[in-house]
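# Results of the structural survey
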There are 2 protein chains.
Amino acid sequence: MREVAIMGVGMTPFDKFTERSFKSLGAEASIAALRDAGLKPQNIQVAYVGNAVAGLLFGQSMILGQVILRELGIVGVPITNVENACGSGSSALREAWIAVGSGLYDVALALGVEKLHVGDLARTTAALSGATDMETEGGLGLTFPGHWALKAKVYMAKYGITAKQLALVSVKNHSHGLLNPYVQHQKSVTVEEVLSSRMIADPLTALMCCPISDGAAAAVVCSREYLRRFPVRPGKSPVWIAASSLTTGSYDDQRDISFNDLEELAGREAFQAAGVGPNELDFAEVHDCFAIAEFLRCESLGLFEPGSYGWAVEKGEAALGGRLPINPSGGLLAKGHPVGATGLAQVAEAVWQLRGEAGKSQIEGARIGLTHCSGGGIAGDTAVCSVFILKR
Amino acid sequence: MREVAIMGVGMTPFDKFTERSFKSLGAEASIAALRDAGLKPQNIQVAYVGNAVAGLLFGQSMILGQVILRELGIVGVPITNVENACGSGSSALREAWIAVGSGLYDVALALGVEKLHVGDLARTTAALSGATDMETEGGLGLTFPGHWALKAKVYMAKYGITAKQLALVSVKNHSHGLLNPYVQHQKSVTVEEVLSSRMIADPLTALMCCPISDGAAAAVVCSREYLRRFPVRPGKSPVWIAASSLTTGSYDDQRDISFNDLEELAGREAFQAAGVGPNELDFAEVHDCFAIAEFLRCESLGLFEPGSYGWAVEKGEAALGGRLPINPSGGLLAKGHPVGATGLAQVAEAVWQLRGEAGKSQIEGARIGLTHCSGGGIAGDTAVCSVFILKR
């Protein structure tokens, strides 16, 4: 497969937008990514659009991407809608990567978009709960906070970590988020505030759960051949997709629920394809939908030893300035989680880091970053896990 | 891009299934395609699953493919759900083609599945009506039968064709469908019966509209390199994907509503990529969701001259045994239209023709076939148009 570079990225702020449509959010992120790449809508040869619940919340499924991109004049070219729960945006980028890597196209747009605020959080929660096997588990009533609370209980019992250590992940990510203008919860929080916030599913308090968000993020990718003919805008280095892996869930893959075998597999495949190891990473954006998720995922991906993450966070190893900053953008806990947009937002943040454009959260000399996005649940394991390794 | 062959195809009968789930239908088609290829679920390296309205009808969106394929033991590998209205199944195959063509994978599964009978046809119709821009046109109440009735009126006025000529398309496709065991409406109909069946949207009667159907279809594709190492089962020749094109809709693409510019573009791109012309086709499966659609589409694709199709059908040119058989399988009008499955069912039928396995509807010596699938509507034009050219 040919080498593929990310030429441009863009995103909307993540927030509760009470007057904006998914169409307006999707258009804003797409235009930002095109401008960042110095390209026009007419340059796009193929597009992939990721979304999770616009069908359930707005009755707009099937041709969502066509509806959004037509407003930008992106017509005639192939547009394909992809749905992989919280990995929908990642999957859009992955398909764009494959389409350009195949040699069929030179320039592709990947867009992830989600509008979750519909004036009724119960309806939103019900829609999000659909990221499971509805015919079997869907009827059991295990929501995602409940699912992750069970994992937290098992993990805490196994490794003897404390609620304070759980809370510290949220404190860290909020402290990172303070430096990022796109973040929904842009405020500093203390361990005490995290622990005393409303209990959602014991031991997870409100500040250990990512907020419900609206937003969109996009990326423009192109082939090395195209870059030779049409250099990106001066001052913007390409960021290379060194690897993309995607794994999917099953009954039989699990050792115990304090570890995610499928995420381990996705990490291993990505590191192998990129020819780098976890020690070579300068940072990682990891899917911290709940504070406990950052523990399991960092360990399953091989970034930290199983059971060690609580102490690593206590020592500041996972903070900006530490050995391996995790979620320098603020992560889902601070930034918010517009489901279908999240995977591409992680990539946008990573590209800014690798181009030295991350502003106050810039990691000096960052050369290699990992983004990890997971979604859905089947039989207690992740249904979809996507990993990208990006290099400048 | 590498050459990609279809090694196996399979489908369920298309019918009204009052006791079967989309999971059961999807599994049956996948197993049939795997058996046809002589492969096992463990051989599948990547999968794409197309569906249009399971989210709206069953609340099962986001991870539909993972849910179905897990039951077959297809786990760990990348599975991506694609949604492109009636082109969902085609788009699944297209992504499988690109993934194998890119060199990333050697064996891919594409599945299209749809369950439309939910005990309430109004709810099904409402869901299907969502294949438009819901924010603007969705509120206008123009259903698909209404949309095609308007096109029929314009076309009939422009070219002077009669209701009898419209009916003859349905008579032809039902006569083809009589030869095909997978067909939902397996009965012979006369011009009189078509014209006197219930009026749905003037001039389209019930027998000029495809039935509401449940079903699934699947294909297994592989690289030429894989075929060299692991030949397909003796007696099963590979069928090559000579071209796949996909175009998407817009306001500005239309000359008038009796012609589909985007479908013309999809046809032109496919013929160019395959290096063949319309005259070299031995047959075509064309998206005849309504009798009038077969006129517009055959003409837009360049298979017949604009305005000529009614007379071509009268002369038998588009029937089995004629100059260019259109919908030898019975088409959507006889076979039924489980939306997300249709594009892959067309491909399954085409593969059987090209392998000489089409039974009573076999076209002697068929070497090149075209399949065409279109879906959704934006501003009076098709939202998605997919064309494959297949060669033995």
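Parameters and conventions
As a convention, each chain's residues are numbered from 1 in the sequence order in which they are written. Numbering of ligands from 1 and lettering of chains from A proceed in the order in which they are written. Owing to the predicted nature of the model, reporting of local features is limited to residues with pLDDT of at least 70; listing and counting of side-chain atom pairs is limited to 80 or more, with chain, interface and lining totals taken over all residues. Note that the side-chain values use all heavy atoms of the structure and ignore hydrogens as well as water. In this description a helix means any DSSP run of H or I spanning at least four residues, a strand means any run of E spanning at least two, and both kinds are numbered starting from the N terminus. Throughout, radius of gyration means the C-alpha value; the globule benchmark is 2.2 Å times the number of residues raised to the power 0.38. Should any heavy atoms of two residues lie within 4.5 Å, those residues are counted as being in contact. Positive charges are assigned to Lys and Arg, negative charges to Asp and Glu, while His and the chain termini are left out of the count. Lysine's charge is taken at NZ, arginine's at CZ, aspartate's at CG and glutamate's at CD. Accessible area that two parts lose when put together, with a 1.4 Å probe and added across both, is what the buried area reports. Note on definitions: salt bridges are taken to be side-chain nitrogens of Lys or Arg within 4 Å of carboxyl oxygens of Asp or Glu. Should DSSP find at least two bridges between two strands, the strands are taken to pair. Only residues with pLDDT of at least 70 in both copies count here: their C-alpha atoms drive the least-squares fit that superposes the copies. Relative accessibility decides the category of a residue: with a 1.4 Å probe and only protein chains considered, values under 20% of the type maximum give buried, values over 50% give exposed, and everything between is partly exposed. In plain words, nonpolar cores are sets of buried Ala, Val, Leu, Ile, Met, Phe, Trp, Tyr and Cys residues tied together by side-chain atoms within 4.5 Å. For every element, the axis is a line fit to its C-alpha atoms; helices are fit only across the contacting stretch, and the angle between N-to-C directions ranges from 0 to 180 degrees. Any angle between 65 and 115 degrees counts as roughly perpendicular, while under 35 counts as roughly parallel, over 145 as roughly antiparallel, and the rest as oblique. Polar here means any residue outside two lists: the nonpolar Ala, Val, Leu, Ile, Met, Phe, Trp, Tyr, Cys and Pro, and the charged Asp, Glu, Lys and Arg; Gly therefore counts as polar. In this scheme the handedness of a crossing depends on how the near helix is turned from the far one: anticlockwise by less than a right angle means left-handed, clockwise means right-handed. As a per-residue measure, pLDDT reflects the predictor's confidence and takes values from 0 up to 100. Polar contact is the term for a pair of N or O atoms within 3.5 Å; when the atoms are in protein, one must be able to donate a hydrogen and the other to accept it, and sequence-neighboring residues count only if both atoms are side-chain atoms. Each helix should span, by expectation, one fewer than its residue count multiplied by 1.5 Å. Between rings of Phe, Tyr and Trp, where Trp is taken as its six-membered ring, a pair exists when centres lie within 6.5 Å; planes separated by under 30 degrees are stacked, by over 60 edge-to-face, and by other angles tilted. Placement of a charge over a ring requires the Lys NZ or Arg CZ to be within 6 Å of the ring centre, with the centre-to-atom vector within 35 degrees of the ring normal.

## Focus on the overall build of chain A
Secondary structure assignment for chain A yields 14 helices and eleven strands. For a compact globule of 392 residues, the expected C-alpha radius of gyration is about 21 Å, and chain A comes in at 19 Å, within 12% of that figure. A principal-axis box enclosing the C-alpha atoms of chain A has dimensions of 55 × 45 × 40 Å. Within chain A, residue pairs in contact and separated by at least 24 positions form 77% of the contacts whose partners lie at least 6 positions apart. When the 33 positive and 39 negative side-chain charges of chain A are each reduced to one mean point, those points stand 7 Å apart.

## Here we look at the interface of chain B and chain A
With 60 residues of chain B in contact, the opposing surface of chain A contributes 60 residues. Summed over both sides, the interface between chain B and chain A buries roughly 4700 Å², with carbon and sulfur atoms accounting for 55% of that surface. Applying the counting criterion to the chain B and chain A interface returns six salt bridges. We note a salt bridge from Lys23 of chain A to Asp133 of chain B, for which the minimum N-O separation is 2.7 Å. The dominant element in the side of chain B that touches chain A, judged by the number of residues it contributes, is helix α4 (residues 88-101) of chain B, at six residues. Strand direction decides the pairing type here: strand β3 (residues 79-83) of chain A and strand β3 (residues 79-83) of chain B, joined by three bridges, are antiparallel. Along β3 of chain B, the bridge assignment pairs Val82 of chain A with Val82 of chain B.

## Details of the relation of the copies chain B and chain A
The two copies are related by a screw motion: chain B maps onto chain A through a turn of 180° and a shift of 0.0 Å along the axis, at an RMSD of 0.0 Å. This pairing of chains is accounted for by a two-fold axis. Among all residues of chain B, the minimum C-alpha distance to the rotation axis is found for Ser102 of chain B, at 1.9 Å. Most of the interface of chain B is mirrored in chain A, where 100% of its interface residues again form contacts.

## Remarks on the pattern of salt bridges
Applying the stated criterion across every chain, the model contains 38 salt bridges over all chains. With its nearest N and O atoms 3.5 Å apart, the salt bridge here joins Arg2 of chain A to Glu225 of chain A. Within this pair, whereas Arg2 of chain A is found in the segment before β1 (4-11), its partner Glu225 of chain A is found in helix α9 (residues 224-229), the two being separated by 223 residues in sequence. Since its relative accessible area comes to 32%, Glu225 of chain A is described here as partly exposed. Linking Arg2 of chain B and Asp106 of chain B is a salt bridge whose minimum nitrogen-to-oxygen distance equals 3.2 Å. One end of the pair, Arg2 of chain B, is in the segment before β1 (4-11); the other, Asp106 of chain B, is in the loop between α4 and β4 (107-114), and 104 residues separate them in sequence. According to the relative accessible area criterion, Asp106 of chain B is buried, its value standing at 16%. Beyond isolated ion pairs, a larger network of salt bridges with shared partners links Lys23, Arg70 and Glu71 of chain A together with Asp133 and Glu135 of chain B.

## Considering the nonpolar core
Grouped together as the largest cluster of nonpolar side chains are 74 residues, with contacts concentrated most on Leu390 of chain A together with Leu390 of chain B. In contact with Leu390 of chain A, not counting residues within four places along its chain, are Ile6, Val239, Trp240, Ile241, Val347, Ala350, Val351, Leu354, Arg367, Ile368 and Gly369 of chain A.

## Digging into the pairing of strand β8 (residues 239-248) of chain A
All names here are of chain A. When you tally the buried positions in β8, you get nine out of ten residues, the bulk of the element. The pairing of β1 with β8 spans two bridges and is classified as antiparallel. By the bridge assignment for β8, Ala5 is matched with Trp240.

## Re the packing of helix α7 (residues 163-177) of chain B against helix α11 (residues 291-300) of chain B
Residue and element names in this part refer to chain B. Across the interface, α7 lies against α11 with an axial gap of 8 Å and an inter-helix angle of 95°. With respect to each other, α7 and α11 are oriented roughly perpendicular. Residue-level contacts link Gln165, Leu166, Val169, Lys172 and Asn173 of α7 to Ala291, Ile292, Glu294 and Phe295 of α11. Considering only residue class, the contact of α7 with α11 consists of five nonpolar, two polar and two charged.

## Examining the packing of helix α6 (residues 144-159) of chain A against helix α11 (residues 291-300) of chain A
Any two packed helices are characterised by the angle at which their axes cross and by the distance between the axes. Residues and elements named next belong to chain A. Close contact between α6 and α11 brings their axes to 9 Å; oriented N to C, the two are set at 65°. For the pair α6 and α11, the sense of crossing is left-handed. Residues Trp148, Lys151, Ala152 and Tyr155 of α6 pack against Ile292, Ala293, Phe295, Leu296, Arg297 and Glu299 of α11. Tallied by class, residues from the contact of α6 with α11 come to seven nonpolar, no polar and three charged.

## A word on the confidence of the model for chain A
Looking at chain A as a whole, the pLDDT averages 94, with 98% of positions reaching at least 70. For this predicted complex, the interface confidence score (ipTM) comes to 0.96, while the overall pTM stands at 0.97.

## Points about the environment of Ser102 of chain B
Along the polypeptide, Ser102 of chain B turns up in the loop between α4 and β4. Setting aside residues no more than four positions away along its own chain, Ser102 of chain B makes contact with Met1, Ile98 and Ser102 of chain A together with Met1 of chain B. Reaching out from Ser102 of chain B, the side chain makes a polar contact with the backbone nitrogen of Leu104 of chain B at a distance of 3.1 Å.

## What to know about the side chain of Asp106 of chain B
Residue and element names in this part refer to chain B. Of note is the side chain of Asp106, whose polar atom sits 3.2 Å from the side chain of Arg2. Within polar-contact distance, the side chain of Asp106 engages the side chain of Arg229 at 3.4 Å. Residues within four places of Asp106 in sequence aside, it is in contact with Arg2, Gln45, Val100, Val221, Cys222, Ser223, Tyr226 and Arg229.

## Let's talk about the environment of Cys86 of chain B
Residues and elements named next belong to chain B. For Cys86, the position within the fold is in the loop between β3 and α4. Here Cys86 falls in the buried class, since its relative accessible area comes to 16%. Spatially, the C-alpha atoms of Cys86 and Ser374 are 5.9 Å apart, while their sequence positions differ by 288 residues. Setting aside residues no more than four positions away along its own chain, Cys86 makes contact with His287, His337, Val339, Cys373, Ser374 and Gly375.

## What about the environment of His174 of chain B?
All names here are of chain B. By the element assignment, His174 lies in helix α7. Residues His174 and Pro203, 29 residues apart in the sequence, show an inter-C-alpha distance of 19 Å. The residues contacting His174, other than those within four sequence positions of it, are His185, Lys187, Val189, Leu207, Leu333 and Ala334.

## Considerations on α4 of chain B
Residues and elements named next belong to chain B. Compared with the 20 Å implied by 1.5 Å per residue over 14 residues, the 20 Å span of α4 between its first and last C-alpha is a close match. Burial of α4 is extensive: 14 of the 14 residues sit out of reach of the surface. Looking one or two places after α4, you find Gly103, whose phi comes out positive at around 95°.

## Side note on unusual backbone geometry
Residues and elements named next belong to chain A. For the bond from Asp202 to Pro203, the omega torsion is 10°, close enough to zero to count as cis. Here Pro203 shows up in the loop between β5 (199-201) and β6 (204-205). Phi is positive for Met62, which is not a glycine, with a value near 65°. Even without glycine at this site, Asn327 takes up a positive phi of about 55°. Along the polypeptide, Asn327 turns up in the loop between α12 (309-314) and α13 (331-335). Judged by its relative accessible area of 0%, Asn327 falls in the buried class.

## Describing the packing of aromatic side chains
Tallying each qualifying case throughout the model produces 14 aromatic pairs over all chains. Consider the rings of Tyr226 of chain A and Phe230 of chain A, whose centres lie 4.8 Å apart with planes at 40°: the pair is tilted. Assessed through its relative accessible area of 7%, Tyr226 of chain A is described here as buried. Residue class for Phe230 of chain A comes out partly exposed when judged on its relative accessible area of 43%. Cation over ring: Arg20 of chain A sits above Phe17 of chain A, and NZ or CZ is 5.3 Å from the ring centre. Residue placement shows Arg224 of chain B over the ring face of Trp240 of chain B; its charged tip is 4.2 Å from the ring centre.

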